[in-house]
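Reading the structure
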Amino acid sequence: MQLIQETPDLSAYLTADEAIDHQHPLVRETAAKLADGVANSYEYARAAFEFVRDTIPHSQDSGDLRVTWRASDVLEQRTGICYAKAHALAALLRAEDIPTALCYQKFDEVHGLVAVRFHGAWHRQDPRGNKPGVDARFSLDGERLAFTPDPASGERDYPVLYAAPHPLVLDTLKAARDRPHLWRTLPAAL
């Protein structure tokens, strides 16, 4: 699949916004801790990915009722669904000047992940969190995502790389009273 930048300006994939608040002190502190001892930006990106994937439980898997959407809140509360975890990873990567896009897949609901830019190309990564049947890995050599769409079932990869969270996704997260409410209102398509 050919990934399509929403904007040709790479600097857009480094900016902060209300969800990807990489200038927040907690995001900066977490990024600094992850950067300590790594040799290069690739190792940092892998460390940030594994940190979000492995230390912030997916709230549906853990049964956590809280809904987070801002990267700093995801890091503070240590919970989030795929979109929120993608926002946290994007903030940590952008905090270290690694261009990061938000991207989506369509299953029964829309699933959120990120793409990082290395060696002149975008590489999608899924920090959702592993569990039985889900084994996402950080990779620049072929995708190792949590899920693979089945086009025959109407599932698909959206090719657009967004600089900011899709408005439908962000509005849904912000409007949710709790995770059960969120689960009933997740977007089925973009």
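Our structure's up above, just so we're on the same page.
Now for a quick tour of the structure. Computed from a predicted structure; not experimentally measured.

Time to look at the pattern of salt bridges. A complete count under the given rule lists 11 salt bridges for this structure. The closest approach of N and O atoms between R53 and D54, which form a salt bridge, is 2.5 Å. Owing to a relative accessible area of 48%, D54 belongs among the partly exposed residues under this scheme. A salt bridge links D135 to R144; its shortest N-O distance comes to 3.6 Å. Overall, R144 belongs to the partly exposed group, its relative accessible area being 39%. Three or more residues are tied together by salt bridges with common partners; here these are D61, R128 and K131.

Attention now moves to the packing of aromatic side chains. For the structure on display, the rule yields 7 aromatic pairs. Centroid distance Y42 to F118: 6.1 Å. Interplanar angle 75°. Geometry classified as edge-to-face. On the criterion of sequence distance, the pair formed by Y42 in helix α2 (residues 41-55) and F118 in strand β3 (residues 110-118) is long-range, its members being 76 residues apart. Overall, the relative accessible area of 27% leaves Y42 in the partly exposed class. Here F118 falls in the buried class, since its relative accessible area comes to 8%. What links up through ring pairs into an aromatic cluster is the set Y42, F49, F118 and F138. Across from the ring centre of W69, 5.0 Å away, lies the NZ or CZ of K174, which sits over that ring.

Another aspect to go through is the nonpolar core. Among the nonpolar cores identified, the biggest contains 48 residues, and Y44, Y83, L92, L93, L102 and Y104 are the most heavily contacted of them. The set of elements that each furnish at least two residues to this core consists of α1 (25-35), α2, α4 (71-77), α5 (82-95), β2 (100-106), β3 and α6 (167-175). Not counting residues within four places of it along the chain, the set of residues in contact with Y83 comprises Y104, V110, H111, G112, V169, L173, L186 and P187. Among the nonpolar cores identified, the runner-up in size contains 11 residues, and L3, Y13, L113 and W122 belong to it.

Cut-offs and rules
Residues numbered from 1 in each chain as written. Predicted model: local features only at pLDDT ≥ 70, side-chain atom pairs only at ≥ 80, totals over all residues. Heavy atoms only, no water. Salt bridge = Lys/Arg side-chain N within 4 Å of Asp/Glu carboxyl O. Buried < 20%, exposed > 50% of the residue type's maximum accessible area, 1.4 Å probe, protein only. Phe/Tyr/Trp six-rings, centres within 6.5 Å; stacked < 30°, edge-to-face > 60°. Helix = DSSP H or I, 4+ residues; strand = E, 2+ residues; numbered from the N terminus. Lys NZ or Arg CZ within 6 Å of the ring centre and 35° of its normal. Core = buried A, V, L, I, M, F, W, Y, C linked by side-chain atoms within 4.5 Å. Contact = heavy atoms within 4.5 Å.

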